[in-house]
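Fold and contact review
Read off the chains here:
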Amino acid sequence: MSIIKIEDLTKVYNATQVPVHAVNGISLEFEQGEFAAIVGPSGSGKTTLLNMLGGLDDPTSGSISIDSQSINKLSANERIKFRLHNIGFIFQAYNLIPVLTAKENIEFIMELQKVPKAQREQRSKELLEAVGIPDKAHIRPRQLSGGQQQRVAVARALASKPKFILADEPTANLDSKSTEVLLDIMEKLNREENITFIFSTHDARVVKKARRVITIEDGQVKSDERK
Amino acid sequence: MILKIAWRNIWRNPTRSLVVIMAMFVGMLFGLFSSTFMTGWMQQRLNDGIETETSHIQLHHPQFKNTDDQNIYISQALEKREQILLLPGVNGVSERFKIQAMVASAETSTGIMVLGANPQQEKQVINLSEKIVAGDWFESQRRHSIVIGQKLAEKLKVRLRSKIVLRLQDADGNITGGAFRITGIFKTINTSFDEAYVWVQKNDLQKLTLLPADAAHEIAVHVENQEMQMQIVNKLTSLYPDLLTESWQDVSPELGYLTEVGNTYQYFLVIIILLALGFGIVNTMLMVVLERLRELGMLMAVGMNKRRIFTMIVLESIMLSIVGGFSGILGGIGLTEYLQIDGIDLSLWGEGLTEWGFAPIVFPMYDIPMVVTIAALVIITGIIASLYPAYKGLKLNPSEAIRVI
């Protein structure tokens, strides 16, 4: 059953001057457990699509439903709440809170969800083990490598038990070894826990791992292949 | 967690934060100290004014102040004194004659106010006996003794044991006079007072003026506790409805204005300092928010609502204010405590100050309500200074903010 339904989605920038159709009438559906990559050249609309999928941006027209709930009709505050409980984010630049340790970064999301302290501690411990860095719990991001920071970001994205995770160029700032390790972790989580991952990427290694590759060009879907 | 994030965020750029903290520290230290200085100074003037000049409460015939007629007096003053002494909270009563006169020495003459009182009673209501710098306060009780101020002595070019002549009107309106020997010279911090008032024994003045022995122009009352003052004023008013009963605030309203001015000044100065420092905090917090646009966008993206982001920014500002402001307040208290030991010597400007009744050595003082109010103002400054930066942070579009390099 589809957990995400995108219908005729369009995003136009500079509508009154020189309109730019960043996303132009895209329709897609995603099911639980997908490991999908959205690929395309720079400026093709991948990140714009991902932002709208995550409720970070409003479409000009069209709709996005997640578990039958239309998210583009929600108010700003409702969307923030929706993201907190339903969507995990992994960013290209990691975007960890620099003044918190790895463990605190993971627990932060759960604290926003008002999860009790004991549960938060237990889950953050499990997640750090799942991403392979349990010994880095009390280290701040500044003292971690890029790959380790991104692993903390993955753990943070999983902390809220989201319906799906959106990863925008997660491997762009990593070396090849770190990329391999990270992709293995995400693939394992996808396989074992049926967590849905949707990537926006240029990285061929991500495309290779993905079981569905959606190619976008000039804001439109050019191809949608399942392996 | 938001508290933790806010506190740690302050120390992300320790140099910048320390500059703001030091500015708050210095501002509050001197803000508080100048308040304690002014409060102490005004309070000293007030205490000196009450204890040396007016006492707490005075009773007069209702027309006494509007006339020079000495026959406008309080009758049965001795009996009234005994009654007033029995009131709870009263620890001193003195009934006096109070007459305008001329005093003359061999060199010169001048107008003064003569107070004729029982010296022992007078000691209960004013502390002039402790201000004697030469001679004594009517110890010998010799007839025709007079105690004058040092400023008046200098003006008349007289000294202890000198003879001076008092000229005044008696009860029949005739000019009369008498020679008095200076047996005591006092010096207060108010040189105008020293120049204007002299004391003689009541029976000496009574014989000169031929006023009844149990009459008095003024009854001065000293209370144990200023907080009981109004209660006693009300009691006296109801006991003696034919007399005018006034507190020191009515007798000498300028003394009351002093404390009001002092209070207003202390808060006014602190508010001005905080206003100036507040702009510094606004500047710092704006830099903090604009530097962290991407981080704020990320926080919104992962589910931190705008209320929490607002709270986080406001908390950072409050914490900066508290660290700097409260340490400055503590420093100000410490400085006040230290300077309370010997006081601050303003003798360089002594002559000008004493003309107005101000002590040349100031003992700063503070009270808990003052400190608490200033601490609250520091927190309010932190809150207000954060509003605009927080507003800038909340206006962010998360998708754009995350893209900020």
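Presented here is a report on the structure given in the accompanying data block. (Residues numbered from 1 in each chain as written. Chains lettered and ligands numbered in written order. Predicted model: local features only at pLDDT ≥ 70, side-chain atom pairs only at ≥ 80, totals over all residues.)

Within chain A one finds 7 helices and 10 strands. Against the compact-globule benchmark of 17 Å for 227 residues, chain A has a radius of gyration of 17 Å, which places it among compact chains. C-alpha atoms of chain A, sized along the principal axes, occupy 50 × 40 × 35 Å. By residue count, 48% of the 227 residues in chain A fall in the buried class. (Helix = DSSP H or I, 4+ residues; strand = E, 2+ residues; numbered from the N terminus. Rg over C-alpha atoms; globule rule 2.2 N^0.38 Å. Buried ≥ 20, exposed ≤ 12 C-beta atoms within 10 Å, placed from the backbone.)

One finds I38, V154, A155 and L166 of chain A to be the most contacted residues of the largest nonpolar core, which totals 118 residues. Of the residues forming this core, the biggest block, 13 residues, is contributed by helix α2 (residues 14-54) of chain B. Look past the residues within four positions of L166 of chain A in its chain and what remains in contact with it is L50, L53, G54, I87, F89 and I198 of chain A. (Core = buried A, V, L, I, M, F, W, Y, C linked by C-beta atoms within 7 Å. Contact = placed C-beta atoms within 7 Å.)

Bringing the sheet that holds strand β5 (residues 69-70) of chain A into the picture now. Residues and elements named next belong to chain A. Spatially, β2-β1-β4-β5 is the arrangement adopted by the 4 strands of the open sheet, whose pairing is antiparallel. Here the strands that pair on one side only, and so sit at the sheet edges, are β2 (20-31) and β5. Across 9 bridges, the pairing between strand β1 (residues 2-13) and β2 is antiparallel. Within β2, the position partnered with T10 by the bridge is N24. (Pairing = 2+ DSSP bridges.)

Residue and element names in this part refer to chain B. For helix α1 (residues 2-10), the full list of buried residues reads I5, A6, N9 and I10. Relative to the axis of α1, the buried residues are bounded by an arc of 135° and lie together on one face. Turned more than 90 degrees from where α1 packs its buried face, L3 and K4 sit exposed. On the buried face of α1, the contacting elements are α2 and α12 (306-342). (Arc of directions from axis to C-beta.)

With that out of the way, let us pick up the pairing of strand β7 (residues 175-186) of chain B. Residue and element names in this part refer to chain B. The pairing of strand β4 (residues 132-135) with β7 spans 3 bridges and is classified as antiparallel. Across the sheet, the residue bridging to A134 is I185, located in β7. Bridge count between strand β5 (residues 145-149) and β7: 5 bridges; the pairing is parallel. The residue bridging I148 from the neighbouring strand is I185, located in β7. Joining the antiparallel neighbours strand β6 (residues 163-169) and β7 is a turn of 5 residues, in which G173 adopts a positive phi near 90°.

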